[in-house]
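Structural overview
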Amino acid sequence: MTDLVPSEQAIDRQTLERVIRRAAELQASEREIGDSLTEKQLLELGRDVGIPGRYLQQALQEEQLRVDAGTSSPLSRFMGPDRLSAGRTVPGEHGELEGKLARWMTDGELLAVKRRYPDRVSWEARRDLVASLKRELGIGGRKYALARAKEIVGHVRQLETGWSFVSLRADVTNTRTGHLVGASVFVLGGIALTGIAGLLGIFLPVALIPSAIGVIGGLGIARSRRSRLERTQVALEQVLDRMEHGELDTRRIGTGSKPSTVERIVTEIRKTLGP
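Let me begin by describing the structure that accompanies this report. (Residues numbered from 1 in each chain as written. Predicted model: local features only at pLDDT ≥ 70, side-chain atom pairs only at ≥ 80, totals over all residues. Heavy atoms only, no water.)

1. Some details on the sheet that holds strand 3 (residues 120-125)
The 5 strands lie next to each other as 1-5-4-3-2, forming an open sheet whose pairing is antiparallel. Because the sheet does not close on itself, it has two edges, and the strands there are strand 1 (83-91) and strand 2 (111-116). Taken over all neighbouring pairs, the strand axes of this sheet differ in orientation by 25° on average, direction set aside. By the bridge criterion, 4 bridges tie strand 3 to strand 4 (residues 151-160) in an arrangement that is antiparallel. Looking at strand 4, one finds that Trp123 is bridged to Ile152. (Pairing = 2+ DSSP bridges. Helix = DSSP H or I, 4+ residues; strand = E, 2+ residues; numbered from the N terminus. Axes fitted to C-alpha atoms, helices over the stretch in contact; angles between N-to-C directions.)

Below, the structure is given as structure tokens:
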């Protein structure tokens, strides 16, 4: 066989993805569609090109998470984003998973329900004494990183029988303010010391040292927000890990009949303080 007639050969993954994507484009181009589609129209189009509805709905949910992340500004790229998200397809039915997620968020992550929407629930950090002590003492060897977020939103979407897509979003705008204030105080403190040194007649290069330290330290404080956000992102993924592997059932945090050590301590404190 000559080189002009290719022999039968395996198709690598990148080529396969390009071929499938192009074939879908060609088939979709045969249908008359406008500049946008409803979700129902997209699912119908998917059936026409042979894409199961489960995968289309999952792709839609993943795209929504990407859109919600928004465009990043220079400040966000330096300090980290204001919103974090995680999503995954896990085994289970909508109602069952929604209940497990709600129990874990309140008992396992020490959160309280903030708002209930028709298709999702949002949580915020619990402020009661028991939750505060558990977080401060790190009961269970955990950091309770989700409790540091301003708000956590959970959404469970049924894809097909036995499978659902769970998405979690965290609003972490509150952490940016704290780091900016800390960085500003550090920078302004350095500038103030430089000003005082100048008034005292200290040699200029020496007088500028506090300002340089203040700027470097301030940038470090602002940049340190990224490490805190990384812990929050990991915490979101860990919730999905537990859901995926069915571990939320085995972790009965705070649901047993025997009170925890922290709860017993709080009870004694309340008895001492009186009504």
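2. Overview of the packing of helix 7 (residues 173-199) against helix 9 (residues 209-223)
Interhelical geometry of helix 7 versus helix 9 gives an angle of 175° and a closest axis separation of 7 Å. Classified by the angle their axes make, helix 7 and helix 9 are roughly antiparallel. Contact residues: helix 7 offers His179, Gly182, Ala183, Phe186, Val187, Gly190, Ile191, Leu193 and Thr194, while helix 9 offers Pro210, Ser211, Ile213, Gly214, Val215, Gly217, Gly218, Ile221 and Ala222. (Parallel < 35°, antiparallel > 145°, perpendicular 65-115°, else oblique. Contact = heavy atoms within 4.5 Å.)

3. Re the nonpolar core
In this structure, Leu101, Met105, Leu146, Ile152, Val166 and Leu236 are the most contacted members of the largest nonpolar core, which totals 28 residues. The dominant element in this core, judged by the number of residues it contributes, is helix 10 (residues 225-244), at 6 residues. Among all residues touching Leu236, those that are not within four sequence positions of it are Leu84, Ser85, Ala86, Leu146, Ile152, Leu168 and Ala170. (Core = buried A, V, L, I, M, F, W, Y, C linked by side-chain atoms within 4.5 Å. Buried < 20%, exposed > 50% of the residue type's maximum accessible area, 1.4 Å probe, protein only.)

4. Description of the environment of Trp123
Note that Trp123 resides in strand 3. Since its relative accessible area comes to 3%, Trp123 is described here as buried. For the pair Trp123 and Ala147, spaced 24 residues apart in sequence, the C-alpha to C-alpha distance is 9.0 Å.

5. Looking at the packing of helix 9 against helix 10
Running from amino to carboxyl end, helix 9 crosses helix 10 at an angle of 10°, the nearest separation of the two axes being 4 Å. In this view, helix 9 runs roughly parallel relative to helix 10, as classed from their interaxial angle. In this structure, helix 9 contributes Ile221, Ala222 and Arg223 to the contact, and helix 10 contributes Arg225, Arg226 and Ser227. Of the residues contributing to the contact of helix 9 with helix 10, the split by class is 2 nonpolar, 1 polar and 3 charged. (Nonpolar A, V, L, I, M, F, W, Y, C, P; charged D, E, K, R; others polar.)

6. Focus on unusual backbone geometry
The phi angle at Leu110 is positive, at roughly 60°, despite the residue not being glycine. With respect to the secondary-structure elements, Leu110 resides in the loop between helix 5 (94-108) and strand 2. Look at Leu110 and you get buried, because its relative accessible area is 1%.

7. Some remarks on helix 7
For helix 7, with 27 residues, the first-to-last C-alpha span of 39 Å sits near the 39 Å given by 1.5 Å per residue. By the burial criterion, the buried members of helix 7 are Thr175, Arg176, His179, Ala183, Gly190, Thr194 and Ala197. For helix 7, the secondary structure elements touched by its buried residues are helix 4 (74-79), helix 8 (204-207), helix 9 and helix 10. Once helix 7 ends, the next one or two residues include Gly201, with phi positive near 80°. (Expected span 1.5 Å × (residues − 1).)

8. Considerations on the pairing of strand 4
Consecutive side chains along a regular strand alternate between the two faces of the sheet. In terms of residue burial, strand 4 counts as a mostly covered element, since 7 of its 10 residues are buried. Alignment of strand 4 against strand 5 (residues 163-171), held across 9 bridges, turns out to be antiparallel. The partner of Gln158 across the bridge, within strand 5, is Ser164. With antiparallel pairing between neighbouring strands as the criterion, strand 4 and strand 5 make up a hairpin whose turn holds 2 residues, including Gly162 at a positive phi of roughly 90°.

In short, geometric facts, not functional conclusions.
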